[in-house]
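# What the coordinates show
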Amino acid sequence: MSQKKKRSLTGLKPTGNLHLGNYLGALRPALELSKSYDCIYFIADLHSLTQTRDAQALASQVLDQVATWLAIGLDTDKHILFRQSDVPSVTELTWYLSCVTGHGLLEKAHAFKDAQAKGQEVNMGTFCYPILMAADILLYDTDVVPVGKDQKQHVEMARDMAGSLNAAYGELLVLPEPLIQEEVMLIPGLDGRKMSKSYNNEVPLFCDEKTLRKKLMSLKTDSTGMEEPKALDGSTVGDLFKLFATKAQYDDLSARLAKGGMGWGHAKEELFVAINDHVKEMRERYVACRKDEALLQRELAKGAEKAQAVASQTIKRVRQAVGLR
Ligand code: AMP
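### A closer look at the packing of helix α10 (residues 236-244) against helix α11 (residues 247-259)
Relative to each other, α10 and α11 sit at 155°, their axes nearing to 8 Å. As judged from the angle between their axes, α10 and α11 are roughly antiparallel. Of the two elements, α10 crosses α11, and the hand of that crossing is right-handed. On α11, the residues that touch Gly238, Phe241 and Lys242 of α10 are Gln249, Tyr250 and Leu253.

What follows is the structure, given as structure tokens:
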């Protein structure tokens with residue numbers, strides 16, 4: 001008899017203009033999990049509200065994310081993709097968890113400590129977001145939560161809160177385990193630093209070919225003359241090329257550059273071809289899906305219904321246990 005697959009949960013805030021770093025560092029590894037787990041993916045629009053005040057952009061970025069998941073190949077019949085706010089009982093569970101959580105626990109949260117250290121004003125959403133995150137996890141009877149080492153704390157907090165509720169009212173919530181993801185490689189941006197919107201060095205995932213080429217041509221290289229030998233190893237061109245080319249292609253370009261007589265411009269052109277080949281089909285699917293708003297709304301409705309079916313069981317259990325009948 002085949003064993004029931006464990007359930008994994010991944011949430012991503014809706015942000016516009018995803019870049020190659022987001023794809024290789026977050027989206028692709030999350031999608032990989034769908035091969036071994038029963039996966040739930042959610043678009044964390046409630047979490048975005050701690051920062052954004054642009055309602056129109058938020059609504060549109062939710063649709064961007066639906067189109068992105070479809071474009072990269074998520075099978076929404078086998079797995080669940082939904083918008084967090086479509087299942088409002090997550091905020092109800094947040095309240096039940098809040099009532100068994102000491103504020104000392106939240107004062108230890110990284111995001112709160114970082115914001116405080118930077119002297120930023122901290123709204124209650126930012127202070128309480130670990131409880132909303134715990135509710136996200138616990139509402140869906142999640143077995144595993146894929147996280148980087150630095151985010152292990154979130155899952156531990158969710159376990160603490162579930163433990164407190166269970167201790168008070170009986171075994172109600174599944175205790176989730178962190179699924180520590182291997183060290184995600186750091187994707188370099190056009191200036192060699194970590195690819196990030198805040199450094200303005202990103203290569204967009206779904207921009208058109210012309211923009212992609214232009215972006216890659218602006219990649220910073222040293223000023224070695226055309227005729228001189230060049231080392232692909234250790235260069236940003238090389239670091240990016242490695243991620244998209246085969247080993248044979250990498251070794252070949254490396255040998256031609258080392259011989260001399262080849263400028264960085266030519267190498268960047270080959271980098272463009274490698275990246276473009278990799279993203280071309282996804283980009284076409286993205287553009288087609290993003291235009292088809294009816295499709296995106298249907299996907300959201302389908303996801304909401306499936307997520308709601310799981311959530312309603314949990315919330316019913318908790319409501320009854322705490323004495324709200
Ligand atoms: P951000 O919107 O910058 O917080 O990025 C969302 C997620 O994308 C991060 O949590 C990482 O998993 C991934 N990511 C972003 N930038 C990079 C990068 N340069 N290299 C690898 N992963 C990245």
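Right, picking up where we left off after that structure.
### A word on the pairing of strand β5 (residues 177-180)
Bridging between strand β4 (residues 144-147) and β5 involves four bridges; their strand directions are parallel. Note that in β5 the partner of Pro146 across the bridge is Leu179.

### Looking at the domain arrangement of the protein chain
Entries for the protein chain in the domain assignment read domain 1 (7-187 + 293-322) and domain 2 (206-286). Centre-to-centre separation of domain 1 and domain 2, based on C-alpha positions: 36 Å. When the two sides are added together, the surface that domain 1 and domain 2 hide from each other amounts to roughly 910 Å², 73% of it contributed by carbon and sulfur. Its largest share of buried area at the contact with domain 2, domain 1 owes to Leu20, Tyr23 and Ala71, together 46% of the area lost on that side. Here domain 1 is connected to domain 2 by zero salt bridges. Here domain 1 and domain 2 share one residue pair in polar contact (both at pLDDT 80 or more) between them. Looking at the side of domain 1 that touches domain 2, the elements with two or more residues in it are α1 (20-32) and α3 (55-72).

### Topic: the pattern of salt bridges
Pairs may arise between side chains of opposite charge once their charged atoms sit close together. All told, the structure shown has 18 salt bridges when counted by the stated rule. Between Asp75 and Lys78 there is a salt bridge, with its nearest N and O atoms 3.7 Å apart. The partly exposed category is assigned to Asp75, whose relative accessible area is 31%. Lys78 gets classed as exposed once you look at its relative accessible area, which sits at 62%. With a shortest N-O distance of 2.7 Å, Arg319 and Glu92 are connected by a salt bridge. Of this pair, Arg319 sits in helix α13 (residues 293-322) while Glu92 sits in helix α4 (residues 89-98), and the two are 227 residues apart along the sequence. Residue Glu92 is classed as partly exposed on the basis of its relative accessible area of 22%. Salt bridges linked by common partners bring Asp77, Glu299 and Lys302 together as one network.

### Comments concerning the site of the ligand
Lining the immediate environment of the ligand, one finds His19, Gly21, Asn22, Gly25, Ala26, Met185, Leu186, Ile187, Lys194 and Met195. A distance of 2.8 Å is found between a nitrogen atom of the ligand and a backbone nitrogen or oxygen belonging to Ile187. Here a nitrogen atom of the ligand and a backbone polar atom of Met195 are 3.0 Å apart. When the free accessible area of the ligand is taken as 480 Å², the share hidden by the protein chains comes to 64%. When grouped by side-chain class, the residues that make up the shell around the ligand number five nonpolar, four polar and one charged.

### Notes on the packing of helix α7 (residues 124-139) against helix α8 (residues 152-169)
Running from amino to carboxyl end, α7 crosses α8 at an angle of 75°, the nearest separation of the two axes being 9 Å. Between α7 and α8, the crossing angle belongs to the class labelled roughly perpendicular. Counted together, Tyr129, Pro130, Ile131, Met133, Ala134, Ile137 and Leu138 of α7 and His154, Met157, Ala158, Met161 and Ala162 of α8 form the full contact between these two elements. Partitioning the contact of α7 with α8 into residue classes produces 11 nonpolar, one polar and no charged.

### Thoughts on α3
Given a rise of 1.5 Å per residue, 18 residues ought to cover 26 Å, and the 26 Å separating the end C-alpha atoms of α3 matches this to within 8%. Buried within α3 are the following residues: Leu58, Val62, Leu63, Asp64, Gln65, Val66, Ala67, Thr68, Trp69, Leu70, Ala71 and Ile72. Once α3 finishes, Gly73 follows within two positions and takes phi at roughly 110°, a positive value.

### A closer look at the environment of Gly104
Inspection of the secondary structure assignment puts Gly104 in helix α5 (residues 103-107). A relative accessible area of 35% means that Gly104 is categorised as partly exposed. As a C-alpha pair, Gly104 and Lys149 span 45 residues in sequence and 22 Å in three-dimensional space.

Here is what the cut-offs are and how they apply
- Residues numbered from 1 in each chain as written.
- Predicted model: local features only at pLDDT ≥ 70, side-chain atom pairs only at ≥ 80, totals over all residues.
- Heavy atoms only, no water.
- Axes fitted to C-alpha atoms, helices over the stretch in contact; angles between N-to-C directions.
- Helix = DSSP H or I, 4+ residues; strand = E, 2+ residues; numbered from the N terminus.
- Parallel < 35°, antiparallel > 145°, perpendicular 65-115°, else oblique.
- Left-handed = near helix turned anticlockwise from the far one by under 90°.
- Contact = heavy atoms within 4.5 Å.
- Pairing = 2+ DSSP bridges.
- Domains from an automatic or database assignment.
- Buried area = accessible area lost by both parts, 1.4 Å probe.
- Salt bridge = Lys/Arg side-chain N within 4 Å of Asp/Glu carboxyl O.
- Polar contact = N/O pair within 3.5 Å; in protein donor to acceptor, adjacent residues only side chain to side chain.
- Buried < 20%, exposed > 50% of the residue type's maximum accessible area, 1.4 Å probe, protein only.
- Near = heavy atom within 4 Å.
- Areas by Shrake-Rupley, 256 points an atom, 1.4 Å probe, with all protein chains shown as cover.
- Nonpolar A, V, L, I, M, F, W, Y, C, P; charged D, E, K, R; others polar.
- Expected span 1.5 Å × (residues − 1).

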